[in-house]
Amino acid sequence: MAEHNRQEEKLLKLRHSTAHVMAEAVLQLFPDAKLGIGPPIENGFYYDFDLPSSLTPDNLEEIEKRMKEIVKQNHSFKRKIVSKAEARELFKNQPYKIELLDELPDNEEISVYEQGGFTDLCKGPHLDNTSEIDPEGFKLLTVAGAYWRGKERNPMLQRIYGTVWQSAKELRTHLQQLKEIEQRDHRKLGKELDLFSTHEEAGPGLIYWHPKGARIRLVIEDYWRREHLKNGYEILFTPHIGKAQLWETSGHLDFYRESMYSPMKVDEQDFYVKPMNCPFHILVYKSDIRSYRDLPMRWAELGTVYRYERSGVMHGLMRVRGFTQDDAHIICTPEQIEGEILEVLRFSLKMWAAFGFSEIKAYLATRPKKSVGDEKSWSQAVDSLEKAIEAEGLDYEVDEGGGAFYGPKIDLKVKDALGREWQMTTIQFDFNLPERFDMTFVDRDGREKRPYMVHRALLGSLERFFGVLIEHYGGAFPVWLAPLQAVVIPVAPPFNQYAEKVAKKLEDADIRVEASVGEQRMNAKIRDAQNKKVPYMLILGEKERSESTVSIRTRKGEQIKDLKIGECISYIQDKIDKKELL
RNA sequence: GCCAGAAUAGCUCAGUGGCAGAGCAGCUCACUCGUAAUGAGCAGGUCGUGGGUUCAAAUCCCACUUCUGGCUCCA
């Protein structure tokens with residue numbers, strides 16, 4: 001562990017120091033550049049510059065070349081402590097640095113690092129010498145706009161992102177990884193595999209599910225509904241729009257308006273498209289007097305919501321304006337809450353396992369400064385969340401004060417096949433809506449009491465989940481999810497009839513299958529099926545026809561020969577039932 | 001929303017002011033072929049949209065739309 005930390009520490013220094021070298025190179029090439037900040041980040045570093053003109057890819061190459069020269073000059077990184085006045089003199093031409101200086105508390109030690117002719121205001125730590133940077137171990141990747149200190153009112157600087165590693169070999173591995181990420185990009189695969197699209201003429205951030213994508217969604221939804229019904233949930237369907245008054249009661253028009261689509265006027269009334277399902281579920285709750293005997297209520301809905309996202313933030317399926325949440329609301333008594341939370345967490349983990357995700361980390365967000373609800377409820381809520389995480393033995397972090405104003409929450413991040421974390425599941429207390437809607441239940445003592453309410457989405461949204469799923473599997477879905485599970489390929493046209501017969505039998509056994517009886521040659525058909533990432537290709541010719549068998553070729557290229565048709569069907573069905581990859 | 005870049009055939013892309021191209025996919029025809037591309041032919045475009053400059057615009061300029069990389073945002 002100590003060794004691990006030392007490695008981390010070393011990488012951090014390397015990255016931070018390379019950022020300084022880049023800043024030096026930029027200043028040499030553009031003496032008027034004003035420096036922002038340049039920290040190390042995951043896999044590399046960035047540095048922000050205020051420059052009179054925008055940087056081009058050619059500039060990046062120049063900068064990179066200059067950096068290599070600097071590195072080879074073996075400058076040492078020298079740390080110096082200076083007074084505020086000295087620092088101010090040192091950075092008199094660097095307004096952003098002066099701004100940072102001004103904000104440092106007076107008692108704090110001010111350090112600067114110097115290498116070659118370049119000095120930067122910096123806490124450190126750094127390497128001892130530029131020679132510790134492998135000139136073939138780094139690469140500048142992209143240039144992007146970034147607001148000074150992340151504030152929208154501030155000027156926009158140009159940020160150069162770079163990656164740096166201890167050796168050229170590690171850099172190559174990282175670049176290979178970036179290529180792999182690009183290959184698996186759900187937008188690219190979505191097009192190649194004909195899964196979904198968006199349309200310029202119809203509006204951004206709105207997803208069209210094509211037959212193959214929709215097929216996968218159907219399988220996901222079917223599984224989701226069945227599991228919910230098996231786990232004590234009821235399923236609701238609610239409308240897509242509601243009157244302004246409803247959103248006033250819920251508080252959405254006060255706190256969430258900028259994320260909502262503009263209202264439409266119908267019969268002199270303003271109607272809003274729903275950005276959330278909760279108020280609708282609450283209306284169902286309030287349609288009757290509820291007894292403690294009725295609780296807990298667990299109501300789930302695949303509810304399609306629309307939220308206004310700023311134009312620059314949309315991203316494939318991951319960030320959209322219209323999406324379907326796998327939403328549910330649990331309404332229960334305070335005594336029931338601990339058990340309910342534990343059940344939700346268990347259910348969630350089961351769901352993730354089914355879809356092939358096993359590395360999961362929890363993030364517990366507690367009470368922020370501004371919040372509603374009493375102290376006792378909050379601490380009970382946080383307590384039940386924490387207990388559930390611990391009972392499931394999940395790795396977790398606490399985000400102190402990171403909860404919403406209306407309640408604490410657990411978010412789950414799942415790790416995909418490339419080791420990237422995605423925030424998906426959220427389990428969220430709500431002390432606000434039950435109050436606003438005056439939700440009650442009649443308790444054992446005959447008195448009306450306020451129930452607890454928990455929002456939860458396991459997969460998050462179907463769109464985003466689908467995006468993650470595509471990238472996790474690189475488009476090669478496990479058999480149970482694959483839109484097409486098998487293709488029957490005759491070696492030549494005379495066996496078309498037998499191919500169709502086999503396909504029919506699989507179809508009767510609920511396997512999604514096609515007979516490839518076109519005029520192409522067998523090799524072309526195999527290639528075609530391979531490119532579509534169909535799990536199984538069933539090859540057949542004279543031998544198979546005479547013996548009523550097939551030969552399976554998996555998309556990994558493995559062959560299983562001479563299976564009777566019935567054996568082939570049970571083979572595939574078994575893989576489907578067990579939710580295996582192949 | 002902001003900064004920067006991009007948009008050419010269904011897809012991937014070439015084309016820097018002078019007749020709009022290629023490969024794949026599609027269609028037609030031929031072929032009895034055993035585990036990743038058989039061959040030949042045909043068809044396919046208001047060069048994202050609108051305006052401007054020019055004898056002439058895919059190409060230069062302006063606006064808009066959408067996408068990409070970031071920033072910001074995500075009660």
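Residues numbered from 1 in each chain as written. Chains lettered and ligands numbered in written order. Predicted model: local features only at pLDDT ≥ 70, side-chain atom pairs only at ≥ 80, totals over all residues. Heavy atoms only, no water.

Visitor: Go over the domain arrangement of chain A with me, naming the residues and quoting the values.
Guide: Partitioning chain A into domains gives domain 1 (2-183), domain 2 (222-239 + 274-468) and domain 3 (486-577). Using only C-alpha atoms to locate each centre, domain 1 and domain 3 end up separated by 57 Å. (Domains from an automatic or database assignment.)

Visitor: Lay out the state of the cysteines in plain terms, naming residues and giving numbers.
Guide: For the structure on display, the rule yields 0 disulfides. Free of any disulfide, C278 has its nearest neighbouring cysteine sulfur in C332, separated by 16 Å. The class for C332 is buried, based on a relative accessible area of 0%. (Disulfide = S-S within 2.5 Å. Buried < 20%, exposed > 50% of the residue type's maximum accessible area, 1.4 Å probe, protein only.)

Visitor: Lay out the pattern of salt bridges in plain terms, naming residues and giving numbers.
Guide: Across all of its chains, the model carries 46 salt bridges by this definition. D528 is the salt-bridge partner of K532, the closest N and O atoms lying 3.4 Å from each other. Overall, D528 belongs to the partly exposed group, its relative accessible area being 33%. Members of the salt-bridge network, linked through shared partners, are R217, E221, R225 and E463. (Salt bridge = Lys/Arg side-chain N within 4 Å of Asp/Glu carboxyl O.)

Visitor: Could you give me a rundown of the protein's contact with RNA strand B, with the residues and numbers involved?
Guide: Neighbouring RNA strand B are 49 residues, the closest being Y147, E152, S311, R527 and E544. Restricting the count to atoms of RNA strand B within 4 Å of the protein gives a sugar and phosphate share of 52%. At a separation of 2.4 Å, a sugar or linking oxygen of RNA strand B approaches a polar side-chain atom of E152. Examining the composition of the surface near RNA strand B, we find that 7 residues originate from one element, helix α16 (residues 522-531), more than from any other. Among the residues making up the surface near RNA strand B, the classes are represented as 19 nonpolar, 15 polar and 15 charged. (Near = heavy atom within 4 Å. Polar contact = N/O pair within 3.5 Å; in protein donor to acceptor, adjacent residues only side chain to side chain. Helix = DSSP H or I, 4+ residues; strand = E, 2+ residues; numbered from the N terminus. Nonpolar A, V, L, I, M, F, W, Y, C, P; charged D, E, K, R; others polar.)

Visitor: Account for the nonpolar core, naming residues and giving values.
Guide: By size, the foremost hydrophobic cluster in this structure holds 91 residues, and its most contacted members are F355, F477 and L538. If you tally residues by element for this core, the top one is helix α11 (residues 337-354), at 10 residues. Both domain 2 (222-239 + 274-468) and domain 3 (486-577) contribute no fewer than three residues apiece to this core. If near-sequence neighbours (up to four positions away) are discounted, L538 is found in contact with A486, V487, V488, I489, V502, L506, V550, S551, I552 and C568. Residues V21, F77, I133 and L140 belong to the second largest nonpolar core, which totals 30 residues. (Core = buried A, V, L, I, M, F, W, Y, C linked by side-chain atoms within 4.5 Å. Contact = heavy atoms within 4.5 Å.)

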